Each structure stands twice: as structure tokens, then as C-alpha cells.
Amino acid sequence: MIHDSLNNFGKYASLHPRFAKVAEFLASNNLSELPQGRIEILPNGELFANVQTATGVALESANVEYHRKYIDVQVPLATTEQMGWMPTAKVPASIVYDDEADCGYGPAKPTSYVTVNPGEFTIFFPQDTHAPCIGDGLSMPKVIFKVRVD
């Protein structure tokens, strides 16, 4: 997991070939003006953005999720968001991965938490199980860039 300022995103471009395209998108778009829904950035599902408004959940009821085919770059737009983290290797066996949805999802307690403010981002790799949208009842507009691993 990486947590940093959006101003520094370009410094991480060497970590994955498609991160440079994320950096270009960030530099050339006002994220707060993007329409809700999926925005294709590269063809064939290589890179896209999901613009959404989630409703925050209480810390005690937050579920964890992990992905194998995509890296998540999560950017809160207007609301501070708590995000939980734990190594995917420690996910309980009761949380089953769905290959078609590219998601393992269910109840588990993260091992640590981070506060992510507007103007910041997190990167969750396949080894990073995360619990996003922690903020009891808050409306949380955000952009999630989905970067295909291969």
C-alpha cells in the first residue's frame, strides 16, 4: 500500500507501466468535474476510472476487499476517508475470491488504518487487502483508478 499527496503521484510512475497514464489523467482533468461512472482511459480494460459517490460505513461494520487482476488507486474528492489495510495473505478463508468480479469481499478486521484526505491517494496492490469508505454515513465522492496488473 502507498499513501501520498496527489502532487507526488508521478514519482510512482516507474512502479507500473500504466501509472504514467494515471499521472497524465490526473494532470489533465479536474477530478471533481468528472461524470459518475466508468471512464475508459486505455482500451481492453487495461486502465479505467470509476467515479462514484459511496456512503461511508462505521468502522465496526466495514468489510475488506482485495483484487488479483487490478491495482486500485483510490482518490477521495471531497471527504476525508478512513481506509483499513491488511496483507492479503492474512485474509480469512471465509472470504472467497470471485475471479469473474476480481474481488474477494467480506468481514475481517484490518491490521491498520490510514486517514486519506482530498488531495491524497492510496495505491492498493494485489497483496493489499483494503477496507475503503470508513466514515459513518458520510457521502464520499471519489475516483478509483483500476490498473490491470498484467
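Our subject is the structure listed above.
Conventions we followed
Residues numbered from 1 in each chain as written. Predicted model: local features only at pLDDT ≥ 70, side-chain atom pairs only at ≥ 80, totals over all residues. Heavy atoms only, no water. Helix = DSSP H or I, 4+ residues; strand = E, 2+ residues; numbered from the N terminus. Buried < 20%, exposed > 50% of the residue type's maximum accessible area, 1.4 Å probe, protein only. Lys, Arg positive; Asp, Glu negative; His and termini not counted. Salt bridge = Lys/Arg side-chain N within 4 Å of Asp/Glu carboxyl O. Polar contact = N/O pair within 3.5 Å; in protein donor to acceptor, adjacent residues only side chain to side chain. Core = buried A, V, L, I, M, F, W, Y, C linked by side-chain atoms within 4.5 Å. Contact = heavy atoms within 4.5 Å. Phe/Tyr/Trp six-rings, centres within 6.5 Å; stacked < 30°, edge-to-face > 60°.

## Re the side chain of Asp4
- Structurally, the position occupied by Asp4 is in strand β1 (residues 2-5).
- Here Asp4 is buried and forms no salt bridge, its nearest opposite-charge partner Lys11 lying at an N-O distance of 6.6 Å.
- At 2.6 Å, the side chain of Asp4 and the side chain of Tyr12 are in polar contact.

## Here we look at the nonpolar core
- Within the largest apolar cluster, 24 residues are counted, with the highest numbers of intra-cluster contacts made by Leu31, Val73, Ile123 and Phe145.
- Every element with two or more residues in this core is listed here: α1 (19-28), β2 (37-42), β3 (47-55), β5 (70-76), β10 (120-124) and β12 (139-148).
- By residue number, the principal contributor to this core is α1, which donates four residues.
- Non-local contacts of Val73, meaning those with residues more than four positions away in its chain, are made with Phe9, Phe19, Phe121, Thr122, Ile123, Val143, Ile144, Phe145 and Val147.
- One finds Val64, Met86, Tyr97 and Ala108 within the second-largest nonpolar core, a separate group that totals 10 residues.

## Considerations on the packing of aromatic side chains
- Scanning all chains against the criterion turns up seven aromatic pairs.
- Between Phe9 and Phe121, the ring centres sit 5.0 Å apart and the planes meet at 70 degrees, which makes this aromatic pair edge-to-face. On the criterion of sequence distance, the pair formed by Phe9 in the loop between β1 and α1 and Phe121 in strand β10 is long-range, its members being 112 residues apart. Pair check on accessibility: Phe9 and Phe121 agree, each one buried.
- With 5.6 Å between their ring centres and 70 degrees between their planes, Phe48 and Tyr70 make a pair best called edge-to-face.

## Examining the pattern of salt bridges
- Throughout the structure, instances matching the rule amount to seven salt bridges.
- One salt bridge in this structure joins Asp72 and Lys146, with 2.6 Å as the shortest N-O distance. Taken as a pair, Asp72 in strand β5 and Lys146 in strand β12 lie far apart in primary sequence, 74 residues in all. Note on accessibility: Asp72 and Lys146 belong to one class, buried.

## Quick word on the environment of His67
- Tracing the sequence through the fold places His67 in the loop between β4 (63-66) and β5.
- For the pair formed by His67 and Pro126, sequence separation is 59 residues and the distance between their alpha carbons is 5.4 Å.
- Looking at His67, its side chain comes within polar contact range of the side chain of Asp72, at 3.4 Å.
- Within the structure, the side chain of His67 is placed 2.7 Å from the backbone oxygen of Asp102, a separation counted as a polar contact.

None of this, on its own, says anything about what the molecule does.
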